[in-house]
Every structure is written in structure tokens, then in C-alpha cells.
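Given next are the chains, with one letter for each unit.
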Amino acid sequence: MDHAPGNPQDPQNQGPHDARELPVCYRHPDRETGIRCTRCERPICPECMVGASVGFQCPECVRSGSGTGHPAAASRPRTLTGGTVTDDPRLVTKVLIGINLIVFLLQQSLGDAFSDQFELVGDARFTVGGALQGVAQGQWYRLLTAMFLHANYVHILFNMLSLWWIGGPLEAALGRARYLALYFVSGLAGSALTYLIAAPNEPSLGASGAIFGLFGATAVLMRRLRYDMRPVIGLLVVNLIITFGWGSIAWQAHIGGLVAGVVVGYAMVHAPRERRSLVQYGTCALVLAAVVVMTLVRTAQLT
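This report concerns the structure included in the present document.

About the thresholds
Residues numbered from 1 in each chain as written. Predicted model: local features only at pLDDT ≥ 70, side-chain atom pairs only at ≥ 80, totals over all residues. Heavy atoms only, no water. Helix = DSSP H or I, 4+ residues; strand = E, 2+ residues; numbered from the N terminus. Buried < 20%, exposed > 50% of the residue type's maximum accessible area, 1.4 Å probe, protein only. Axes fitted to C-alpha atoms, helices over the stretch in contact; angles between N-to-C directions. Left-handed = near helix turned anticlockwise from the far one by under 90°. Contact = heavy atoms within 4.5 Å. Nonpolar A, V, L, I, M, F, W, Y, C, P; charged D, E, K, R; others polar. Salt bridge = Lys/Arg side-chain N within 4 Å of Asp/Glu carboxyl O. Disulfide = S-S within 2.5 Å. 1 Å grid on protein atoms, 1.4 Å probe; cavity = no way out; pocket = protein on both sides within 12 Å on 5 of 7 lines; lining within 4 Å. Points joined across faces, edges and corners; volume = space filled by probe spheres on them.

### With respect to the overall build of the protein chain
Within the protein chain one finds 10 helices and two strands. When the helices and strands of the protein chain are listed from N to C terminus, the series reads β-β-α-α-α-α-α-α-α-α-α-α. The buried share among the 303 residues of the protein chain stands at 47%.

### Some details on the packing of helix H5 (residues 153-174) against helix H7 (residues 208-224)
At a minimum axis distance of 9 Å, the contact between H5 and H7 shows a crossing angle of 35 degrees. H5 and H7 meet at a crossing whose hand is left-handed. From H5, His-155, Asn-159, Ser-162, Leu-163, Ile-166, Gly-167, Leu-170 and Ala-173 reach across to H7, where they touch Ser-208, Ile-211, Leu-214, Phe-215, Ala-217, Thr-218 and Leu-221. Tallied by class, residues from the contact of H5 with H7 come to nine nonpolar, six polar and no charged.

### Here we look at the pattern of salt bridges
Taken as a whole and assessed by the stated rule, the structure comprises two salt bridges. Between Asp-88 and Lys-94 there is a salt bridge, with its nearest N and O atoms 3.2 Å apart. A relative accessible area of 25% means that Asp-88 is categorised as partly exposed. For Lys-94, a relative accessible area of 41% corresponds to the partly exposed category. Where Arg-275 meets Glu-274, a salt bridge forms, and the shortest distance between an N and an O atom there is 3.9 Å. A relative accessible area of 45% means that Arg-275 is categorised as partly exposed. Given the relative accessible area of 63%, Glu-274 is considered exposed.

### Quick word on the state of the cysteines
Using the criterion set out here, one finds zero disulfides in the structure. Distance from the sulfur of Cys-25, which forms no disulfide, to the nearest cysteine sulfur (Cys-45) is 3.7 Å. With a relative accessible area of 1%, Cys-25 lands in the buried category. No disulfide involves Cys-37; its sulfur sits 3.6 Å from that of Cys-40, the nearest cysteine.

### Focus on empty space enclosed by the protein
What the rule picks out here adds up to one cavity of 30 Å³ or more. Of the voids in this model, the largest cavity is the one considered here, and its volume is about 50 Å³. Together, Leu-120, Val-121, Gly-122, Thr-194, Tyr-195, Ala-198, Ala-199, Pro-200, Glu-202 and Ser-204 line the largest cavity. Residue composition of the lining of the largest cavity, grouped by class: six nonpolar, three polar and one charged.

This is the structure in C-alpha cells:
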């Protein structure tokens, strides 16, 4: 994003047009923000926000002890949701993309036999006269492994681009542990809803359930920060149109992941500071409990 010459945070250097624009983050000049550090008043984006008792602080104020008299080590920088601010805020997203790409290469090398062993299927035979396989036969691992499989090059390209665009900023805002919890809980919720509703012999695979969970949490975060919701809502609507307009897409995984992402995202963003971790991870546990219940109910139906 191009900016006019001069200091964008100095009112004397702003013309009539510039005065109406949001300031940019002092660490990321390409990101506009309406939030400022409560101590030094630097503009800070979600990646740089560190939750404080009142408002948010920038990493520099937190590292210096923020004038509290505590040493810097006692005031570790925290994200909006209480996670630790790290040097590489996109590391987990990069690792997840790497795992998906490696698994896809294995699929291409080993063929359908590899996919048949790990894709999500309720109860089916892959060969005539072969043994029944699927989650109903005790292969619960398929709920997880299917999240890292993809049908073709277009499928993985679309999902990995979405994961990078949506997941990177969200990881920076939540912190690694909370982001990882959100990703896996959303993906498992999508797998469980697919197992519950879809035909038992209909295979399903892909990271879309987890990615839709990231969409849901991003919408919650943007609303919390009072950002313009139109871009993320527009992108979500387009994805939902594709979901229900394309016959080969497992819409159950998308909806299950989206609902779980909204629920977990709301808990992550709005948890009270004094019980933050309990509310955040407790909500994750409740969603996982729902995953177990859906899986048990469907297994009882099929067996």
C-alpha cells in the first residue's frame, strides 16, 4: 500500500484526504489500524497488540515493563487472546502447509491405496468382497488424517492459499497454541458432522473444515476489533456458494468447521482476562466432546 510523503501520524503533515485515513501500525506500515498503545499511543495492528488490564499495549512497552516496576522478563508480550508474541508469528501456518504438501506428495506417489487408508469414510468396502473399513469399524483416526489429504492439485492449491491468507494473520492474533487448538478442533468438528450426515460409503478429504473454522474465528476477531466486516463476509459468502453449488464438495465439513470456528473463536476473543485460559480451552474441550458424541451416535447407527 502506497502512502503520501510525510509522517502519517503527524496531523501537521496530513491533508484533507489523509486526515480521514486510519494510521498505520508502527511495526507494519502496510497495515492500517484504529487501535493505539494505551501507554505510548503508537498505532498497533492485531499482530502487535498485547492485552493489558485496560486496552492494548505495544510489544516495546511490555518488554520494558510498561512502567510497572517489574523487569521485562516478568511482562512477556501477549497477543490479544493471551498467547505469547513470537518472532515468527506464522510458523504454525507454515508447518501446517508443509505437512499438507508432504502428504499430498505421498498421495501422488503411492496412489489410491494410500488415500483409501486415511480418507474419511463411514463404513465401506474399497474392493469387491473386501473387509468393511471406516470410522464405524473403529478407524477413528480417519477423522483426523482426512484433514491432510486432498483430491487433486486444484484442491490443495485453493486450500493452501486460503490457509496462508486467513491463517497467518489469525495465528499472529491468537498465538500458536490457541491457533493450533482452533485449527484442529474445527477440522475434527467438520469431519464429525460429515460422518454423522453423509452417506457411509461416501469418502471425504481435505483441510476445508479447519480452514472454514479459521474463517469463522476471523469474522469474530474482526467484529471484536470493530474492523470493516465486508471483505471477510464477502469471501465467506463466495466460499459458501461454491460449497453448495459444487456437487462433489462435502458441505458438511465446511459447515461443521465454520460453526466450531465461530464458537471457539468467540471464546478465544471474549474470554474474561482472569479466567482466560479456562474459558478458551474449556470451550475447545466442549466442542471436542460434541465431536465424540456425534461419532458415537453415528457409529451406533451403522453397527
